[in-house]
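# Observations on the three-dimensional arrangement
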Amino acid sequence: MSQKLRVGVLGARGKVGREVCRAVEGAPDTELVAQVDAGDDIEELVRAGVEAVVDFTHPDVVMDNLRFCIEHGIHAVVGTTGFDDDRLEQLRGWLGDEPRAGVLIAPNFSIGAILMMHFAARAAPFFESAEIVELHHPDKADAPSGTARRTAALIAAARRDAGMGTMPDATSTVLDGARGADVDGVRVHGLRIRGLVAHQEVVLGGVGETLTIRHDSLDRASFTPGVLTGLRAITDHPGLTVGLENFLDLG
Ligand SMILES: NC(=O)C1=CN([C@@H]2O[C@H](COP(=O)(O)OP(=O)(O)OC[C@H]3O[C@@H](n4cnc5c(N)ncnc54)[C@H](OP(=O)(O)O)[C@@H]3O)[C@@H](O)[C@H]2O)C=CC1
Ligand SMILES: O=C(O)C1=N[C@H](C(=O)O)C[C@H](O)C1
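Quick notes on the rules
Residues numbered from 1 in each chain as written. Chains lettered and ligands numbered in written order. Predicted model: local features only at pLDDT ≥ 70, side-chain atom pairs only at ≥ 80, totals over all residues. Heavy atoms only, no water. UniProt positions renumbered as here; feature names shortened; annotations may be inferred. Near = heavy atom within 4 Å. Polar contact = N/O pair within 3.5 Å; in protein donor to acceptor, adjacent residues only side chain to side chain. Areas by Shrake-Rupley, 256 points an atom, 1.4 Å probe, with all protein chains shown as cover. Nonpolar A, V, L, I, M, F, W, Y, C, P; charged D, E, K, R; others polar. Domains from an automatic or database assignment. Salt bridge = Lys/Arg side-chain N within 4 Å of Asp/Glu carboxyl O. Helix = DSSP H or I, 4+ residues; strand = E, 2+ residues; numbered from the N terminus. Buried < 20%, exposed > 50% of the residue type's maximum accessible area, 1.4 Å probe, protein only.

An unreviewed UniProt entry lists the protein under the name 4-hydroxy-tetrahydrodipicolinate reductase, with Nocardioides seonyuensis as the source organism. Reading the Sequence similarities (unreviewed entry) entry of the UniProt record for the protein gives the comment "Belongs to the DapB family." Of the protein, the UniProt comment under Subcellular location (unreviewed entry) reads exactly: "Cytoplasm".

Next comes the structure, spelled out in structure tokens:
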């Protein structure tokens, strides 16, 4: 076997970070050489000779972490949410025209969730209506979820490509928020319920029928096979990649 990839985890003591550390330690081709959490010194990544980091921290700190990694030529596989177009553009600027590092931003690393998004985009042109319900644990940092925002963007693009207009909705809303958030013209509804992990339904509707596509992450271990896939691919993909589906063959 060739040398193992030297991996550092940012957010190592967090809910997902802990699972990622376990997975990196357990895989035959990766080696966990640094664990960094809030209050630790990020320079530890350099001291430990990290080649690629995994970041599951917080939307407020992830950009500083990535700037450090890019400046030091360290590849990054990022699960942390909060990436809008402005942030992606900023990352492209830091990476420059001849990037040394690869950065993967993935709104969701679970294979089922990626397929759910893929199927929703494929189905969207066939239905007049489409709305998203995302359901998460109440300790989640942000709403709507990164997955819901990405799904809405994919559905909106599929509808645009198919020449579809706005969705039917004659409601006059009497209470703010009653119809959820408008993300690229797609309504997104968020639930925060103790006991849940990460779940999403896409409800599509046409004349006399509905199609519901649902995904459930029942355990945070669901994110780790995708993280390992990202680590194995990122060293050969300098520059910015958005979405793990770019490293999977979805047919
Ligand atoms: N893309 C995907 O597949 C998934 C993405 N996520 C996203 O990942 C992020 C983390 O989620 P989750 O694990 O549930 O959150 P947690 O709050 O459980 O974990 C985040 C960890 O990062 C630590 N942290 C804060 N600041 C820094 C810093 N500057 N450097 C290093 N570590 C830091 C936190 O410490 P402290 O608590 O002391 O602040 C905490 O231990 C969220 O944005 C979430 O939405 C989650 C699941 C899947
Ligand atoms: O915070 C979480 O838990 C999750 N965050 C990601 C998101 O915002 O989409 C991925 C998954 O839904 C779990």
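Right, picking up where we left off after that structure.
Further remarks concern the site of ligand 2. Within the structure, ligand 2 sits among Thr81, Pro107, Asn108, His136, His137, Lys140, Ser145, Gly146, Thr147, Ala198 and Phe223. Here an oxygen atom of ligand 2 and a side-chain polar atom of lysine 140 are 2.7 Å apart. A distance of 2.5 Å is found between an oxygen atom of ligand 2 and a side-chain nitrogen or oxygen belonging to threonine 147. When ligand 2 sits alone it has 320 Å² of accessible area, and the protein chains cover 85% of it. Split by residue class, the shell around ligand 2 holds three nonpolar, seven polar and one charged. Residue assignment places the shell around ligand 2 across two domains, with domain 1 (5–109 + 221–247) and domain 2 (111–218) each supplying three or more.

Glancing now at the pattern of salt bridges. For the structure on display, the rule yields 16 salt bridges. The salt bridge involving arginine 22 is made with glutamate 19; its shortest N-O contact spans 3.2 Å. Placement of the pair is arginine 22 and glutamate 19 together in helix H1 (residues 15–26), with a separation of three residues, close to one helical turn. With a closest N to O distance of 3.0 Å, arginine 194 and aspartate 139 form a salt bridge. Placement of the pair is arginine 194 in the loop between strand S8 (186–192) and strand S9 (198–206) and aspartate 139 in the loop between strand S6 (129–136) and helix H6 (146–161), with a sequence separation of 55 residues. Judged by relative accessible area, which is 62%, arginine 194 ranks as exposed. Via salt bridges that share partners, Asp41, Glu44 and Arg47 belong to a single interconnected network.

Around ligand 1, the structure places 21 residues, and the nearest of them are Lys15, Gly79, Thr81, Ala106 and Phe109. Separating an oxygen atom of ligand 1 from a side-chain N or O atom of aspartate 37 is a distance of 3.0 Å. Alanine 106 places a polar main-chain atom, nitrogen or oxygen, 2.9 Å from a nitrogen atom of ligand 1. Here ligand 1 loses 74% of its free accessible area of 920 Å² to cover by the protein chains. A per-class count over the shell around ligand 1 returns ten nonpolar, seven polar and four charged.

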